[in-house]
Amino acid sequence: MYNFVFQNTTKIYFGENQLEHLGEELKQYGTRVLLTYGGGSIKKIGLYDKVMDELKKTGLTVFELSGIEPNPRHTTVNKGADICKKENIDVLLAVGGGSTIDCTKAISAAAFYDGDSWDLVTHKAPVTKALPIVTILTLSATGSEMDSAAVISNLDTNEKYGLIHPLLQPKVSFLDPANTYSVSAFQTACGAADILSHIFDCFYFTASKKMDMVDRVMEDVIKTVVKYAPIAVKEPENYEARANLMWASSWALNGFLTTGGFQAPSCHAMEHELSAFYDITHGLGLAILTPRWMEYILDESSAPQFKKFGVNIFGVDESLSDMEGAERAIECLSDFLFKTLGLQSTLTEIGIDDKKFKVMAKKACRGDVLQGFKALTPEDVENIFRMCL
Ligand code: NZQ
Ligand code: ZN
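All values reported here derive from a predicted model rather than from experimental measurement.

A. Inspection of the overall build of the chain at higher detail. The helix and strand tally for the chain stands at 15 helices and eight strands. The C-alpha radius of gyration computed for the chain amounts to 20 Å, which stays within 12% of the reference 21 Å derived for 389 residues, consistent with globular compactness. Expressed as lengths along the three principal axes of its C-alpha atoms, the size of the chain is roughly 65 × 45 × 45 Å. Classification of the 389 residues of the chain by burial places 50% in the buried group.

Here's what the structure looks like:
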């Protein structure tokens, strides 16, 4: 167990009818607001109008950046930063899923940088200052609403990197489960796979010793997702299911579950290569990779943890040997992702072949080995990609 510092400063308004506090929260930071959003889902669900009504009531001056892409691009970050500079923006309001929130976080830092925002993402230039950010979450998945990370893509170079800095932590996030009723069954399932992967990767499956208390909470969050994601897929307007997924999304990655551990997210590193090259949905890539990664690293030392996962989450028979129990656990996870949630189970099904596996594997390892539950060489990563075909 490692020493740790835990601090999470995001104020959360959870539940329905909390937007009446939006104006007062934004006003603390100034009067000129940049509202950011994606491809239009917030208009379809009437959230845009509700937000605008609140902003008008408070007399704030609003500018807009729309069209933020899933897997947000650095070029969109640059556009947002230009608006901030030109219009002297005081505070950013991100309304959407992880992509909108991540893009907005990067804009908040790029607003104080005179070059290409990609320099910040690649650490060629440091983050020195950032505008305050308020978010309204519409998709339960990434945890971006309550963490200090932004994942940005560069389509010119096929790169996708995380920028992590305390200044990117949202000041306030509004979490209304009803805003996720319109999320499709596919995106709901992908979001669930992402939440699970945040816990697996950071660091439910680990070679280091973790605190029992943290391990127990991790399993409760995993069980929550396993219970409520299928309900949300079948009954999109089930408030209880949407609420549980939303809070699970935030807690999977808000720093609490990573206390005392060593963060080395193997499946995330491999998935970011898939979405950097093929622009796929992050949670889908994770769903396809995770059971294959488990199979690949399954040996005498990893089997007890996989078996424990199977026993505690899916009720796998405890009397099985470690190896049999682990194999059964991997089957249960695959069934959950591919049968219960209905996600595609292979890269072939989503149009990805082996042409770029070598280059993606090398990039995932950043010229070294990919750390994690088991360290993976580029050859290992390539083998795992191949198992996903
Ligand atoms: O663009 P709009 O029109 O809003 O549509 C989006 C988008 O097409 C739609 N959507 C969102 N809310 C909706 C809705 N559709 C109907 N009703 C609603 N209420 O869903 C699609 C996907 O949205 P996106 O924001 O891309 O999904 P997600 O929240 O899964 O974010 C994925 C991005 O976050 C990064 C991923 O790599 C990816 O780029 N991640 C960010 C992390 C972080 N900041 O800590 C960690 C994660 O591991 C992840 O890497
Ligand atoms: Zn993720």
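B. Just the domain arrangement of the chain, in detail. One can read the domain layout of the chain as domain 1 (11-180) and domain 2 (185-387). Centre-to-centre, using C-alpha coordinates, domain 1 lies 27 Å away from domain 2. Taken together, the contact between domain 1 and domain 2 spans 19 residues of the former and 24 residues of the latter. Residue composition of the side of domain 1 that touches domain 2, by class: eight nonpolar, seven polar and four charged.

C. A look at the UniProt feature "domain: Fe-containing alcohol dehydrogenase-like C-terminal" (unreviewed entry) in the chain. Residues annotated in UniProt with the feature "domain: Fe-containing alcohol dehydrogenase-like C-terminal" (unreviewed entry) correspond here to residues 188-386. Annotated as residues 188-386, this span is 66% helix and 0% strand, and its ends, taken at the C-alpha atoms, are 26 Å apart.

D. Structural context of the confidence of the model for the chain. Overall, the prediction assigns the chain a mean pLDDT of 97, with 100% of residues at 70 or greater. Listed scores for the predicted complex are pTM 0.98 and ipTM 0.99.

E. Fine view of the sheet that holds strand 8 (residues 172-175). Spatial ordering of the open sheet is given by 1-8-5-4-2-3, a layout of six strands whose pairing is parallel. Each edge of the sheet is formed by a strand with only one pairing partner; in this case those strands are strand 1 (11-14) and strand 3 (61-65). Neighbour-to-neighbour, the strand axes of this sheet turn through a mean angle of 20°, independent of strand direction. Direction of pairing for strand 2 (residues 32-37) relative to strand 4 (residues 91-96): parallel, over a ladder of five bridges. Its bridge partner lying in strand 4, Leu 34 is registered against Leu 92. Set on the sheet, helix 5 (residues 98-110) makes contact with strand 2, strand 4 and strand 5 (133-137); between it and strand 4 the angle comes to about 165°.

F. A look at the packing of helix 7 (residues 185-204) against helix 10 (residues 266-278). Running from amino to carboxyl end, helix 7 crosses helix 10 at an angle of 125°, the nearest separation of the two axes being 7 Å. By the angle between their directions, the pair helix 7 and helix 10 is classed as oblique. Each of Ser 197, Phe 200 and Asp 201 in helix 7 lies in contact with helix 10, whose residues at this interface are Ser 266, Cys 267 and His 268. Residues that form the contact of helix 7 with helix 10 fall into these classes: two nonpolar, three polar and one charged.

G. Inspection of the site of ligand 1 at higher detail. Around ligand 1, 34 residues are found, and the nearest of them are Gly 38, Gly 39, Pro 70, Gly 97 and Gly 98. When residues of the shell around ligand 1 are traced back to their parent elements, those giving at least two are helix 5, strand 6 (149-154), helix 7 and helix 11 (282-297). Of all the elements, helix 5 adds the most residues to the shell around ligand 1, at four residues. Formed jointly, the shell around ligand 1 draws a minimum of three residues from each of two domains, domain 1 (11-180) and domain 2 (185-387).

H. Structural view of helix 10. Given a rise of 1.5 Å per residue, 13 residues ought to cover 18 Å, and the 19 Å separating the end C-alpha atoms of helix 10 matches this to within 8%. Along helix 10, 11 of the 13 residues are buried, which leaves the element largely enclosed by surrounding structure. Within helix 10, burial applies to Ser 266, Cys 267, His 268, Ala 269, Met 270, Glu 271, His 272, Glu 273, Leu 274, Ser 275 and Ala 276. In this fold, the buried residues of helix 10 make contact with strand 6, strand 7 (159-164), helix 7, helix 11, helix 14 (357-364) and helix 15 (378-387). At the C-terminal side of helix 10, Asp 279 shows a positive phi close to 55°.

I. Main features of the nonpolar core. Leu 93, Ala 106 and Val 225 are the most contacted members of the largest nonpolar core, which totals 116 residues. Summarising the domain contributions, this core has at least three residues from each of domain 1 (11-180) and domain 2 (185-387). Aside from chain neighbours lying at most four places away, what touches Val 225 is Ala 192, Ile 195, Leu 196, Leu 245 and Ala 248.

J. The packing of helix 11 against helix 13 (residues 322-340), seen in detail. Here helix 11 crosses helix 13 at 170°, and the two axes come no closer than 10 Å. In terms of their interaxial angle, helix 11 and helix 13 are classed as roughly antiparallel. Taking contact as the criterion, the partners of Ala 287, Thr 290, Pro 291, Met 294 and Glu 295 in helix 11 are, on helix 13, Ile 330, Leu 333, Ser 334 and Leu 337. Taken together, the residues that form the contact of helix 11 with helix 13 break down as six nonpolar, two polar and one charged.

Parameters at a glance
- The numbers attached to residues start from 1 for each chain and follow its sequence in the written order.
- Whichever chain is written first is A, and whichever ligand is written first is 1; the rest continue in order.
- Under the rules for a predicted model, residues below a pLDDT of 70 receive no local features and side-chain atom pairs below 80 are neither given nor counted, while totals for whole chains, interfaces and linings still include all residues.
- Segments assigned H or I by DSSP are reported as helices when at least four residues long, segments assigned E as strands when at least two residues long, and all are numbered from the N terminus.
- For the radius of gyration, the atoms used are the C-alpha atoms, and the globule rule reads 2.2 Å times the number of residues raised to 0.38.
- Note on burial: count the other C-beta atoms lying within 10 Å of the residue's C-beta; 20 or more is buried, 12 or fewer is exposed, in between is partly exposed, and C-beta positions come from the backbone.
- Annotation comment: domain bounds sourced from an automatic or database domain assignment.
- Whether two residues are in contact is decided by their C-beta atoms, placed from the backbone, lying within 7 Å.
- For this classification, the nonpolar set comprises Ala, Val, Leu, Ile, Met, Phe, Trp, Tyr, Cys and Pro, the charged set comprises Asp, Glu, Lys and Arg, and every other residue, Gly included, is treated as polar.
- UniProt positions are given in the numbering used here, feature names are shortened, and annotations may be inferred rather than shown by experiment.
- A score from 0 to 100, pLDDT tells how confident the predictor is in each residue.
- One bridge is not enough; two strands pair if DSSP finds at least two bridges between them.
- Between the N-to-C directions of two axes lies an angle of 0 to 180 degrees, each axis being a line fitted to C-alpha atoms and, for a helix, fitted only over the stretch in contact.
- For classification purposes, angles smaller than 35 degrees are called roughly parallel, those larger than 145 roughly antiparallel, those between 65 and 115 roughly perpendicular, and all remaining angles oblique.
- Each residue receives a C-beta atom placed from its backbone. It is near a molecule or strand if this atom lies within 6 Å of it.
- Take the number of residues in a helix, subtract one, and multiply by 1.5 Å to get its expected span.
- When buried Ala, Val, Leu, Ile, Met, Phe, Trp, Tyr and Cys residues are joined through C-beta atoms within 7 Å, the set is termed a nonpolar core.

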